[in-house]
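Tertiary structure, described
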Amino acid sequence: MTTNDTNKDIVLIVDDIDINRSILCEILRDDYQTIEADGGVKALDYLFDSDGNARKLLPTAVLLDVMMPDIDGFEVLERIKSHDDTKNIPVLIISASDSEQAESRGLFGGAADYITKPFNHDIVRARVDNHINLARYSHELEELVSIKTSEVTRTYESTLEVLATIIEYRNLESGAHIRRTTLLTEVLINKMLKTKKFRAALENENISSMIKASALHDIGKIGIPDSILLKPGKLTSEEFDVIKTHPTIGSRIIDSISENLPDNDLYLKYAKEICHFHHERWDGKGYPDGKKEDDIPLSARIVSVVDVYDALTSSRCYKEAFSHEVSLDILAQERGTQFDPNIIDLVPSVAEVFRKIVEENRDM
């Protein structure tokens, strides 16, 4: 027996005995749309297509017999609980056996409940109602947590980006530098993802967080005195030593922000990597730690190229802007010394996109 009220929640009833399915359909027919399957094969066919993908229309709950001639209920339960799209569907096992071993196996296998035959109408209906309501509440709670987490993430990301923009204005630059850095980083990473050399290294990274974190590369400049940061002429060796402290200052700022946030926050992980290491050099002659080659985090190696290109093509208080062509030549000359040679080799293929980003996002 199957009802046709598509506005109701769907309950899939799986039992090889006709009378059992009929009884359960009768118990639930006022509140639910019931779908019947006379064995495990038909149940799985209702839930999954031939490629093993979950179907679009899934039941809200499953009443599942254990002893069936084709595929037993435990195997069906395992399939349901092993698929991401069906694992949260409450499965209530229905069985003529009151064996504690069978009940334990079902519950430890992920079943929400274990109902023995013969059926008590009120108990069956109450248990189905309770588990469907609980599943719905759990789903709504997960969505609410996800929304709130996203809101908090956007808030602190925006706060950090505003702080980075303030630093750029303090450095007599506009926030366009941050926008360009982010856009250039995105273009370069997307190109790297298409190469065999970098695809494996990047596919396990959170690319979105890495791109956003590039905006914070110079956040440590907040700790540099104006007399040095804004000096129009050449810096003395002592003044340059002070400038070289800004990566360490930046990573400490990120650490202070991270104290009350989860250790696995990828946005701040990349932000710290980029802040601390974007002035390291491929040949090991950079600062603050003198790291070299692949010991430098990939995120920092990427931003290092982007930051220098943008600095070269932009006017500063101490220099005029270089042309796009001259800037590319300077990057190429530093291949394998300042920069990762494999990243520099990709720059010509995105050069025109780089030029366009700089032209469309000039300092105001």
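Predicted, not measured: the structure shown is a model, and the values here were computed from it. (Residues numbered from 1 in each chain as written. Predicted model: local features only at pLDDT ≥ 70, side-chain atom pairs only at ≥ 80, totals over all residues. Heavy atoms only, no water.)

**Describing the layout of surface pockets**
The cut-off we apply is this: Whether a set of points on the 1 Å grid over the protein atoms alone is a cavity depends on a 1.4 Å probe fitting there but being unable to get out, while an open set qualifies as a pocket with protein on both sides within 12 Å along at least five of seven lines; lining residues are those with an atom within 4 Å of a point. Grid points are joined across faces, edges and corners, and a volume is the space filled by probe spheres set on the points. For this classification, the nonpolar set comprises Ala, Val, Leu, Ile, Met, Phe, Trp, Tyr, Cys and Pro, the charged set comprises Asp, Glu, Lys and Arg, and every other residue, Gly included, is treated as polar.
Counted as a void, the second largest pocket has a volume near 520 Å³. Looking at the second largest pocket, it is lined by 20 residues, and the ones nearest its centre are N88, I89, A135, R136 and H139. Residues of the lining of the second largest pocket, tallied by class, amount to 8 nonpolar, 6 polar and 6 charged.

**Re the packing of aromatic side chains**
Heads up, the rule is: Geometry of aromatic contacts follows a simple scheme: Phe, Tyr and Trp rings, the Trp one being its six-membered ring, pair when their centres are within 6.5 Å, and the pair is stacked under 30 degrees between planes, edge-to-face over 60, tilted otherwise. Put simply, DSSP marks the helices as runs of H or I at least four residues long and the strands as runs of E at least two long, and each gets a number from the N terminus on. Exposure classes here rest on a 1.4 Å probe applied to the protein chains alone. A residue is buried below 20% of its type maximum, exposed above 50%, and partly exposed in between. Note on criteria: charge over ring means Lys NZ or Arg CZ within 6 Å of the ring centre, with the direction from the centre no more than 35 degrees off the ring normal.
Going through the model one piece at a time under the given rule, you end up with 2 aromatic pairs. A ring pair is formed by F240 and Y287, whose centres lie 6.1 Å apart and whose planes are at 85°; its orientation type is edge-to-face. Here Y287 lies in the loop between α12 (266–277) and α13 (298–312) and F240 lies in helix α10 (residues 237–243), a separation of 47 residues in the sequence. Judged by relative accessible area, which is 14%, Y287 ranks as buried. With a centroid separation of 5.1 Å and an interplanar angle of 50°, the aromatic rings of Y309 and F354 are classed as tilted. Separated by 45 residues along the polypeptide, Y309 in helix α13 and F354 in helix α16 (residues 347–360) bring together distant segments of the chain. For Y309, a relative accessible area of 1% gives the class buried. The ring of F48 is capped by R79, whose NZ or CZ atom sits 4.8 Å from the centre of that ring.

**As for the sheet that holds strand β5 (residues 113–116)**
Rules: By this definition, two strands are paired if DSSP reports at least two bridges between them. Between the N-to-C directions of two axes lies an angle of 0 to 180 degrees, each axis being a line fitted to C-alpha atoms and, for a helix, fitted only over the stretch in contact.
Taken in spatial order, the 5 strands line up as β2-β1-β3-β4-β5 in an open sheet, and their pairing is parallel. Looking at the sheet topology across the chains shown, the edges are occupied by β2 (33–37) and β5. When the angles between neighbouring strand axes are averaged without regard to direction, this sheet yields 20°. Of the pairings in the sheet, the one linking strand β3 (residues 61–65) to strand β4 (residues 91–95) comprises 4 bridges and is parallel in character. Bridge pairing in β4 links V62 to V91.

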